[in-house]
Amino acid sequence: MKAFALPFLAVVLLAQQAVAAPGLVEPDLRLPANPGGKGSAPRVALTLDACSGATDMRILSTLVDNHIPATIFVTARWLKRNGLVVEVMKAHPDLFEIEDHGAMHVPPIDVQVSVYGLAAAGSQAAVAAEVEGGATAIKAQGLPAPRWFRRATAKYTHSSMREIRAMGYRIAGYSVNGDGGSLLGAAVAEKRIRNARDGDVIIAHINQPTHSAGAGVARGILDLKAKGYSFVRLNDIPDEMTVGATN
């Protein structure tokens, strides 16, 4: 009972802390209507965050072995520690699109708040440094310049969203939270991803190999494939996206 209760309590407390931060929004993102029309295979966009730490090879191997494309949001910190994995991703440009998750995984919010225990950047200049620091690290790996940005904790102020867009980036929200910040159990993560609907943008994490959620993420991806779903990357679709705010 304790093994279940403690992770659940952590999720609840983190959620309460995020809600307590005033003036923050969490953008939604869905794919536009399927160009194949009615009767075509359902499709989703799989987006995986690599915040720091290592690489969950259960997920990476699933993608490579099954030729499933994904958009990977990386920080400069993660890039420094995962050079061999970066080379694997570079060897499969048809599968992996690498996008910006910031330099140090600091929430690029232009006010002084804390979200999920992370202190925000706190100013426009610090927001710009976090965004550009991530982009610089990506380009230093010989990868294409990123076009999308997803911030740590996926929350923003309206003013920080305007600033990031003015820097030339599109903001990557999502419509399905697949692994609850990698804190969910494997069965729950699998169910969330397996139940994704046509047009959903899924978020999960690929940097926590010791968490049980990763096993569920890998199984959920295979479940969708078995159901006949196709997978697209964010840059594979037109610019017309459905963007709202879930909070």
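Residues numbered from 1 in each chain as written. Predicted model: local features only at pLDDT ≥ 70, side-chain atom pairs only at ≥ 80, totals over all residues. Heavy atoms only, no water.

A closer look at the pairing of strand β4 (residues 96-100)
Among the 5 residues in β4, 5 count as buried, and that is most of the element. In this structure, strand β3 (residues 70-74) lies alongside β4, joined through 5 bridges in parallel fashion. By the bridge assignment, Ala-70 is partnered in β4 with Phe-96. (Buried < 20%, exposed > 50% of the residue type's maximum accessible area, 1.4 Å probe, protein only. Helix = DSSP H or I, 4+ residues; strand = E, 2+ residues; numbered from the N terminus. Pairing = 2+ DSSP bridges.)

A look at the packing of helix α7 (residues 186-194) against helix α8 (residues 213-226)
Geometry of a packed helix pair, given as the angle between the helix axes and the separation of the axes. Relative orientation of the contacting elements α7 and α8 amounts to 30°, with a least axis distance of 7 Å. The pairing of α7 with α8 is recorded here as roughly parallel in orientation. Seen along the crossing, α7 lies across α8 with a hand that is right-handed. Residue-level inspection shows Ala-186, Ala-187, Ala-189, Glu-190, Ile-193 and Arg-194 of α7 in contact with α8, the latter providing Ala-213, Ala-215, Gly-216, Val-217, Arg-219, Gly-220, Ile-221, Asp-223 and Leu-224. Taken together, the residues that form the contact of α7 with α8 break down as 9 nonpolar, 2 polar and 4 charged. (Axes fitted to C-alpha atoms, helices over the stretch in contact; angles between N-to-C directions. Parallel < 35°, antiparallel > 145°, perpendicular 65-115°, else oblique. Left-handed = near helix turned anticlockwise from the far one by under 90°. Contact = heavy atoms within 4.5 Å. Nonpolar A, V, L, I, M, F, W, Y, C, P; charged D, E, K, R; others polar.)

Some details on the nonpolar core
Formed by 36 residues in total, the largest nonpolar core has its most connected members in Leu-48, Leu-63, Ile-72 and Phe-96. In contact with Phe-96, other than residues within four places in its own chain, are Leu-60, Leu-63, Val-64, Ala-70, Ile-72, Met-89 and Arg-233. The next biggest cluster of nonpolar side chains, apart from the first, holds 13 residues, and it includes Leu-31, Ala-45, Trp-148 and Val-232. (Core = buried A, V, L, I, M, F, W, Y, C linked by side-chain atoms within 4.5 Å.)

Topic: the environment of Phe-96
Note on placement: Phe-96 falls in strand β4. C-alpha of Phe-96 to C-alpha of Arg-233: the two residues are 137 residues apart in sequence and 7.9 Å apart in space.

Examining the pairing of strand β10 (residues 201-205)
Summarising burial for β10: 5 of the 5 residues are buried, a large majority. One ladder, built from 5 bridges, connects strand β2 (residues 43-50) with β10; its direction is parallel. Opposite Ala-45, over in β10, you have Val-201 as the bridge partner. As judged from the 2 bridges shared by strand β9 (residues 176-177) and β10, these two strands associate in the parallel manner. Residue Val-176 lies in a different strand from β10, and its bridge partner there is Ile-202. The handedness of the β9 to β10 crossover, carried by α7, is right-handed. (Right-handed = clockwise from strand over helix to strand, strands pointing away.)

Focus on the side chain of Arg-150
One can find Arg-150 in the loop between β7 (148-149) and α6 (158-166). Polar contacts involving the side chain of Arg-150 include one to the side chain of Asp-49, which spans 2.8 Å. Excluding residues within four positions of it along the chain, Arg-150 makes contact with Thr-47, Asp-49, Phe-73, Asp-100, His-101, Tyr-156, Ala-172, Gly-173, Tyr-174 and Ile-203. (Polar contact = N/O pair within 3.5 Å; in protein donor to acceptor, adjacent residues only side chain to side chain.)

Quick word on the packing of aromatic side chains
Within this structure, the stated rule accounts for 0 aromatic pairs. Note that Arg-150 overlies the ring of Phe-73, its terminal NZ or CZ placed 4.6 Å from the centroid. It is Arg-151 that lies over the ring of Tyr-156; its NZ or CZ is 5.4 Å from the centre. (Phe/Tyr/Trp six-rings, centres within 6.5 Å; stacked < 30°, edge-to-face > 60°. Lys NZ or Arg CZ within 6 Å of the ring centre and 35° of its normal.)

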